[in-house]
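Letter by letter, the chains look like this.
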Amino acid sequence: SIHSMPTAVLTQLRVYPIKGCRGVEVPAATVINTGLALDRIWMIVRDGKFLCQRRCPQLALVVIDLPAGVCETAEPPLGAMMNLSAPGMA
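Residues numbered from 1 in each chain as written. Predicted model: local features only at pLDDT ≥ 70, side-chain atom pairs only at ≥ 80, totals over all residues. Heavy atoms only, no water.

### Points about the overall build of the protein
Each helix and strand counted, the protein has zero helices and eight strands in total. Helices and strands in the protein line up, N terminus first, as β-β-β-β-β-β-β-β. Radius of gyration (C-alpha) of the protein: 16 Å, far over the 12 Å computed for a compact globule of 90 residues. Projecting the C-alpha coordinates of the protein onto the three principal axes gives extents of approximately 55 × 30 × 25 Å. Split into buried and exposed, the 90 residues of the protein put 22% on the buried side. Per element, the accessible surface of the protein, about 6900 Å² overall, is 58% carbon and sulfur. (Helix = DSSP H or I, 4+ residues; strand = E, 2+ residues; numbered from the N terminus. Rg over C-alpha atoms; globule rule 2.2 N^0.38 Å. Buried < 20%, exposed > 50% of the residue type's maximum accessible area, 1.4 Å probe, protein only. Areas by Shrake-Rupley, 256 points an atom, 1.4 Å probe, with all protein chains shown as cover.)

Spelled out as structure tokens, the structure:
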């Protein structure tokens, strides 16, 4: 009909746990009052100022590995750890 709403299809879901770093594709995420759970809840700070990709483009190379299922809750489980890697990291 002429008044029907178009249908949107979600084909990929990403969260960015650390502002400025590479996103993580997740199968599901919890929606909280500020957006998606775990999305941009941490940032990297140097000398009292947060780093962003404009000032530090290398942040885009930081890969974040989240534990399975962690994005399906509003908060990470106690003791949950994310692993970070980037070119040149040992």
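And the narrative resumes.
### Comments concerning the packing of aromatic side chains
In this description, an aromatic ring pair is defined by two values, namely the gap between the centres and the angle between the planes. Within this structure, the stated rule accounts for zero aromatic pairs. Over the ring of Phe 50 we find Arg 55, and its NZ or CZ is 5.7 Å from the ring centre. (Phe/Tyr/Trp six-rings, centres within 6.5 Å; stacked < 30°, edge-to-face > 60°. Lys NZ or Arg CZ within 6 Å of the ring centre and 35° of its normal.)

### A few points about a positive patch on the surface
A cluster of basic residues, Lys 19, Lys 49, Arg 54 and Arg 55, forms a positive patch at the surface. Here Lys 49 shows up in strand E6 (residues 49–50). For Lys 49, a relative accessible area of 57% translates into the label exposed. (Patch = residues over 30% accessible without salt bridge, like charges linked within 9 Å, V, L, I, M, F, W, Y side chains within 5 Å. Salt bridge = Lys/Arg side-chain N within 4 Å of Asp/Glu carboxyl O. Lys, Arg positive; Asp, Glu negative; His and termini not counted. Charge placed at Lys NZ, Arg CZ, Asp CG, Glu CD.)

### Comments concerning the nonpolar core
The biggest cluster of nonpolar side chains holds 14 residues, and the ones touching the most others in it are Val 15, Cys 21, Val 24, Val 26, Leu 59, Ile 64 and Leu 66. If sequence neighbours within four positions are ignored, Val 24 has contacts with Leu 13, Arg 14, Val 15, Pro 17, Ile 64 and Leu 66. (Core = buried A, V, L, I, M, F, W, Y, C linked by side-chain atoms within 4.5 Å. Contact = heavy atoms within 4.5 Å.)

### Overview of unusual backbone geometry
You will see that Arg 40, though not glycine, has its phi angle at about 55 degrees, which is positive. With respect to the helices, strands and loops of the structure, Arg 40 is situated in the loop between strand E4 (35–36) and strand E5 (45–46). Exposure remark for Arg 40: the relative accessible area of 44% places this residue in the partly exposed category. Although it is not a glycine, Asp 47 adopts a positive phi angle of roughly 55 degrees. Within the fold, Asp 47 resides in the loop between E5 and E6.

### Considerations on the pattern of salt bridges
A side chain of one charge can pair with a side chain of the opposite charge if their charged atoms are brought near each other. If you walk through the whole model with that rule in mind, you get one salt bridge. The partner of Asp 39 in a salt bridge is Arg 40, and the shortest N-O contact between them spans 2.7 Å. In this structure Asp 39 comes out as partly exposed when scored by relative accessible area, which is 22%.

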